[in-house]
Amino acid sequence: MSNLPIKVLVPLLPSTHQIEPYFRKIDVTRTYSNFGPLATEFAKRLGKLAGAASVTLTSNGTSAIEIALRLKALPGRKLCVMPSFTFVASAHAVCNGGLTPVFVDIDPVSLVLTPEIVERVLPQLPEQPAAVLVISAFGAPIDQQVWAQFQSRTGIPVVFDAAAAISALSNVGNLPVCVSLHATKVLGIGEGGAILNSDAEFEQRATAMTGFGFMGMERMSAIRGGNYRISEYAAAVGLAALDVLPAKIEMLRNVALAYRTRLEATERRARLQAGAGDWVTMSLNIIVESEDVEATLARLDAQEIQWRHWWGLGCHRHPAFADCPSFGLEVTDKLAPTVIGVPCHDGLSDDDLDRIVACFPQRNYNDSTSSFADELSEQEVTAL
Ligand SMILES: *Cc1c(COP(=O)(O)O)cnc(C)c1O
């Protein structure tokens, strides 16, 4: 068996053949942008998929976050509390929305922000924040309820960056949920995004912001915005992408479950991100112990198996955001290097999966420094 290099991500969008029927509609309508019939139909179907009554389509996920924050941020305030552990796009969106990121830590198990973390930081801030940006970890479901309670308790608006989580959403409520439709996301259309919500008035304002703030009166800017719309061509790809979405979800679920099975069967000292396989993602992660990171990455490199630290080591490590305030990033600093993005696409054979999983460390029951050993019950230890 020759060991060919294995790519970490291979995007999969609908084929030209699948898109063509929608393109033909554009030939007939001769509407190419400005909330045309295909964009309208796409928004409707997207809302149905995520259980959201209101949908605003945007040019990408980053602009969705920017618009939601611009509408929700409390006037007169400048800070936006957000986890450092996210894709750096989240921090760009916060800054473009006129706010300053305040980087805080994450929960070590769920890898996301919790209301407890934010409420611990609030008294230490020089001033109260304008908003909180909550991230979905690589497409994991978000807890809308616990954050709705946080918002009513504190009066601080919450916006979700659920960029990769479109297929993990249901019953979208009043807090804006921003998603990305980038080619590397589960529902990829090339470039695109959306703000999902259940508040018709918010939707009206957000949608107006994507088209120069025109609202109510003909060609009058009622609200500041810009051009963040998607073309009818992009919407055509979106409609075709929705047609083939169930098959893509099934493929991604099978890849995640294949990893899960192998990690367990071969007793690796490594785990999939919690719940992966129950929900799906294009950026699947295997999490290892800190002391195993270096050797694991060296084995993957030696095998020419591509891997990624999809979110790097946190936004606070990027020069562009080095001057933003941060509070207690111990968990982020420890965990970020241990979250390893592994190959996840439709081109992986059983042999490929075996080869990838074999790069991860074996459990060692005699190794008292490993946390897996710590977790062994007394009974198991005496039986050894
Ligand atoms: C992909 C992603 C974004 C950016 O979305 P774009 O459509 O590329 O602008 C923002 N936040 C997170 C967490 C992402 O994964």
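No experiment lies behind these values; they were computed from the predicted model shown. (Residues numbered from 1 in each chain as written. Predicted model: local features only at pLDDT ≥ 70, side-chain atom pairs only at ≥ 80, totals over all residues. Heavy atoms only, no water.)

## Some thoughts on the pattern of salt bridges
Okay, so step 1: The final tally for this structure, using the stated rule, is 10 salt bridges.
Okay, so step 2: The partner of D243 in a salt bridge is R45, with the nearest N and O atoms 2.8 Å apart. Placement of D243 in helix 8 (residues 232–265) and of R45 in helix 2 (residues 37–50) is noted, with a sequence separation of 198 residues between them.
Okay, so step 3: For D243, a relative accessible area of 41% puts it in the partly exposed group.
Okay, so step 4: Its relative accessible area of 27% is what places R45 among the partly exposed residues.
Okay, so step 5: Across the salt bridge formed by R262 and D354, the nearest N and O atoms sit 2.6 Å from each other. With a gap of 92 residues between them, R262 in helix 8 and D354 in helix 11 (residues 350–357) connect regions that are remote in the sequence.
Okay, so step 6: A residue is classified by how much of its surface remains accessible, and R262, at 16% relative accessible area, is buried. (Salt bridge = Lys/Arg side-chain N within 4 Å of Asp/Glu carboxyl O. Helix = DSSP H or I, 4+ residues; strand = E, 2+ residues; numbered from the N terminus. Buried < 20%, exposed > 50% of the residue type's maximum accessible area, 1.4 Å probe, protein only.)

## Overview of helix 4 (residues 89–96)
Okay, so step 1: For helix 4, the full list of buried residues reads A89, S90, A91, A93 and V94.
Okay, so step 2: Of the residues trailing helix 4, G98 is marked for its positive phi of about 85 degrees.

## What to know about the packing of aromatic side chains
Okay, so step 1: Summed over all chains, the structure comprises seven aromatic pairs.
Okay, so step 2: With centroids separated by 3.8 Å and ring planes inclined at 20 degrees, the aromatic side chains of F138 and W311 adopt a geometry described as stacked. Here F138 is found in the loop between strand 4 (131–135) and helix 6 (144–154), whereas its partner W311 is found in the loop between helix 9 (293–302) and strand 10 (326–327), with 173 residues between them in sequence. For the pair formed by F138 and W311, the shared burial category is buried.
Okay, so step 3: Here the aromatic rings of F212 and F214 are separated by 6.1 Å at their centres, their planes lie at 55 degrees, and the arrangement is tilted. (Phe/Tyr/Trp six-rings, centres within 6.5 Å; stacked < 30°, edge-to-face > 60°.)

## Details of the side chain of D292
Okay, so step 1: Mapped onto the elements of the fold, D292 is located in the loop between strand 9 (285–288) and helix 9.
Okay, so step 2: There is a polar contact of 2.8 Å between the side chain of D292 and the side chain of R269.
Okay, so step 3: The residues touching D292, leaving out its near neighbours within four places in the chain, are R269 and P361. (Polar contact = N/O pair within 3.5 Å; in protein donor to acceptor, adjacent residues only side chain to side chain. Contact = heavy atoms within 4.5 Å.)

## What about the domain arrangement of the chain?
Okay, so step 1: With domains assigned, the chain is organised as domain 1 (16–239) and domain 2 (245–383).
Okay, so step 2: If you average the C-alpha positions of domain 1 and of domain 2, the two centres end up 28 Å apart.
Okay, so step 3: Taken together, the contacts link 38 residues of domain 1 with 33 residues of domain 2.
Okay, so step 4: Both sides of the domain 1 and domain 2 interface together cover about 3,000 Å² of buried area, and 72% of this is carbon and sulfur.
Okay, so step 5: By the criterion of area lost to domain 2, the three top residues of domain 1 are F103, F138 and V186, representing 26% of everything that side buries.
Okay, so step 6: At the boundary of domain 1 and domain 2, one finds zero salt bridges.
Okay, so step 7: Applying the counting rule to domain 1 against domain 2 returns 11 residue pairs in polar contact (both at pLDDT 80 or more).
Okay, so step 8: Only helix 4 and strand 3 (100–104) provide two or more residues apiece to the side of domain 1 that touches domain 2.
Okay, so step 9: No other element matches the five residues that strand 3 contributes to the side of domain 1 that touches domain 2.
Okay, so step 10: Broken down by class, the residue content of the side of domain 1 that touches domain 2 amounts to 25 nonpolar, 10 polar and three charged. (Domains from an automatic or database assignment. Buried area = accessible area lost by both parts, 1.4 Å probe. Nonpolar A, V, L, I, M, F, W, Y, C, P; charged D, E, K, R; others polar.)

## A word on the packing of helix 3 (residues 61–72) against helix 4
Okay, so step 1: Close contact between helix 3 and helix 4 brings their axes to 8 Å; oriented N to C, the two are set at 40 degrees. As far as their axial angle goes, helix 4 and helix 3 are oblique. As for how helix 3 packs across helix 4, the hand of that crossing is right-handed. Contact with helix 3, carried on its side by T62, I65, E66 and L69, involves A89, A93, V94 and N96 of helix 4 and no other residues of that element.
Okay, so step 2: Class assignment for the residues of the contact of helix 3 with helix 4 results in five nonpolar, two polar and one charged. (Axes fitted to C-alpha atoms, helices over the stretch in contact; angles between N-to-C directions. Parallel < 35°, antiparallel > 145°, perpendicular 65-115°, else oblique. Left-handed = near helix turned anticlockwise from the far one by under 90°.)

## Notes on the sheet that holds strand 9
Okay, so step 1: Spatially, 8-9-11 is the arrangement adopted by the three strands of the open sheet, whose pairing is antiparallel. Each having just a single partner strand, strand 8 (270–272) and strand 11 (339–341) make up the two edges of the open sheet. Across the sheet, the mean angle separating the axes of adjacent strands is 30 degrees when strand polarity is ignored.
Okay, so step 2: Sheet topology places strand 9 next to strand 11; three bridges connect them, and they run antiparallel. The residue of strand 11 that forms the bridge with I287 is V339.
Okay, so step 3: Contacting strand 8 and strand 9, helix 8 crosses the sheet at an angle of about 155 degrees to strand 8. (Pairing = 2+ DSSP bridges.)

## Overview of the layout of surface pockets
Okay, so step 1: Estimates place the volume of the largest pocket at around 470 Å³.
Okay, so step 2: Lining the largest pocket are 27 residues, with F87, A163, S180, T184 and K185 positioned closest to its centre.
Okay, so step 3: Contributing elements (two or more residues each) for the lining of the largest pocket: helix 3 and helix 4.
Okay, so step 4: The element that contributes the greatest number of residues to the lining of the largest pocket is helix 3, accounting for three residues.
Okay, so step 5: Its residues assigned to classes, the lining of the largest pocket shows 12 nonpolar, 12 polar and three charged.
Okay, so step 6: Counting only domains with at least three residues in the lining of the largest pocket, you end up with domain 1 (16–239) and domain 2 (245–383). (1 Å grid on protein atoms, 1.4 Å probe; cavity = no way out; pocket = protein on both sides within 12 Å on 5 of 7 lines; lining within 4 Å. Points joined across faces, edges and corners; volume = space filled by probe spheres on them.)

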